Every structure is written in C-alpha cells, then in structure tokens.
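Single-letter residue listing:
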Amino acid sequence: DNYIQKYHSKSIFVVHSYGLNWLLKNQIKCSTIINFFGVPSFLGFQKNPHVTKKKINRMIENFSENPQGVLNDFYNKCNIEYIVNKKANVVRCLKSLKELKDNDFTKSFNNLSCQVYSIFSLGDNVIKLNKKNLNILRNKNHDIKFVNGIDHGFPRNNPELCYKMIKKILIELGYESI
C-alpha cells in the first residue's frame, strides 16, 4: 500500500468489472486506469436496474445455501468455465455482492484526476449498459470505447486481444518498449 501511494504518479492499474469499485473504494491514487467493463455504480448504469437488483438479491439469498451453484451460474453468464478448485469464501463473496448492489462511487469516479480508459462491450451479459447514463462520467480525463462481440469474461477468454488493447493504450501514453 505505501509503495503504491509513494509511486502513484507512475502507477497504472488495469481493472476488470468489480475491480474498478475496489480501486475507488480503497481510494488508490494512480496515473492511469485501464478499465474493462467496470462502472462506479453497478445498478446505476444498467438498462434495467430494478431487474438487476432482483437478480443480485436472488444471488445473495441463494449463496449461503449453494455458493458453488451461484458461482457456476455467474461464470456461465460470463462465458467462463467454472472449475471448483477450492471452497468459496462465502463471507467475502456475500460482502462483495452486497457492496456491488449498494455502493455508488460515481462521485469518487468523477473526482479522479488521473487518465481513465474505459472499454465496454455492447454484448456484455453482466453489465447491460445504459449508454446514456455514461454521459455523467464523460470528462477530459475519461476516454470511453465500445466494442462488439465480446462478453464479460473477455480478459480471461481472449487474453491476446486484451493484451493488444492494453498495449495500444500504453503506447498512446508514451510507453514505447512494451
């Protein structure tokens, strides 16, 4: 933590989905954020926030009884194969789901002074984005791109293309030797 804060002017964070919320919650300072599919308010940027809230509530209700089933369903929605290799941390997962449902970091996001590159998929089954709501996040430090044909599990499902996207941004920032 102290290292990150000391060298924040050179720190670049690449986040995916809930990782943006974690970064904002922990008030991590950095020079650049490369954000895949993360929004500062999970419900606030959905096309149908009420439907999404019901789905999250159902996940929370079912998690205590069948955490592996809930995780399997979620991974399927992300188009990722769920492989059980250890027992899920039920307490941590429930806490994260509740935070995802309840937290709104829009104000914190809009107060960021660093450069932010956000990549969103129009085919995402987890964040069914209301593009109009993104207008409140637009500013001179926030570059927003939309891509077609990729799902929420994109960074894991297509690491080569993800790497190329990150590399392109880093080259734009002046990092020549990537």
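Report follows, based on the coordinates. Small disclaimer: the values here were computed from a predicted structure and weren't measured. (Residues numbered from 1 in each chain as written. Predicted model: local features only at pLDDT ≥ 70, side-chain atom pairs only at ≥ 80, totals over all residues. Heavy atoms only, no water.)

1. Some remarks on the side chain of His152
Put simply, the rule reads: Put simply, DSSP marks the helices as runs of H or I at least four residues long and the strands as runs of E at least two long, and each gets a number from the N terminus on. In this description, contact between two residues means that some pair of their heavy atoms is separated by no more than 4.5 Å.
Checked against the element boundaries, His152 lands in the loop between β4 (142-147) and α7 (154-157). Those residues in contact with His152 that sit more than four places away from it in its chain are His16, Ser17, Phe37, Cys78, Asp124, Val126 and Ile127.

2. Quick look at the pairing of strand β1 (residues 12-16)
Stated precisely, the cut-off is as follows: Burial status follows relative accessibility: with a 1.4 Å probe on protein chains alone, a residue under 20% of its type maximum counts as buried, one over 50% as exposed, and anything between as partly exposed. If DSSP finds at least two bridges between two strands, the strands pair.
Side-chain alternation along β1 places Phe13 and Val15 on a buried face and Ile12, Val14 and His16 on a face that remains uncovered. Here β1 runs beside strand β2 (residues 32-36); their pairing, made up of five bridges, is parallel. Counted as the bridge partner of His16 is Phe36 from β2.

3. So, a positive patch on the surface
Heads up, the rule is: Patch membership is restricted to residues that have no salt bridge and whose relative accessible area is over 30%. Joining uses 9 Å for like charges and 5 Å for the nonpolar side chains Val, Leu, Ile, Met, Phe, Trp and Tyr. Surface accessibility in these figures is a Shrake-Rupley result with a 1.4 Å probe; residues are shielded only by whichever protein chains are displayed. One speaks of a salt bridge when a side-chain nitrogen belonging to Lys or Arg is within 4 Å of a carboxyl oxygen belonging to Asp or Glu. The charge count treats Lys and Arg as positive and Asp and Glu as negative. His and the chain ends do not count. Charged side chains are reduced to one point each, which is NZ for Lys, CZ for Arg, CG for Asp and CD for Glu.
Among the surface-exposed residues, Lys47, Lys54, Lys55, Arg58, Lys77, Lys128, Lys131 and Arg138 lie close enough to one another that they form a single positively charged patch. In terms of residues, the positive patch owes the most to one element, helix α3 (residues 49-63), which gives three residues.

4. A look at the side chain of Asn35
The condition is simple: In protein, a polar contact requires one atom able to donate a hydrogen and another able to accept it; more generally it is a pair of N or O atoms within 3.5 Å, and residues adjacent in sequence count only if both atoms are side-chain atoms.
Relative to the helices and strands, Asn35 resides in strand β2. With relative accessibility at 0%, the residue Asn35 sits in the buried group. Within the local environment of Asn35, its side chain forms a polar contact with the backbone oxygen of Gly38, the two atoms lying 2.8 Å apart. At 3.0 Å, the side chain of Asn35 and the side chain of Ser118 are in polar contact. Sequence-distant contacts of Asn35, that is, excluding residues within four places in its chain, are made with Val15, Leu20, Tyr117, Ser118, Ile119 and Phe120.

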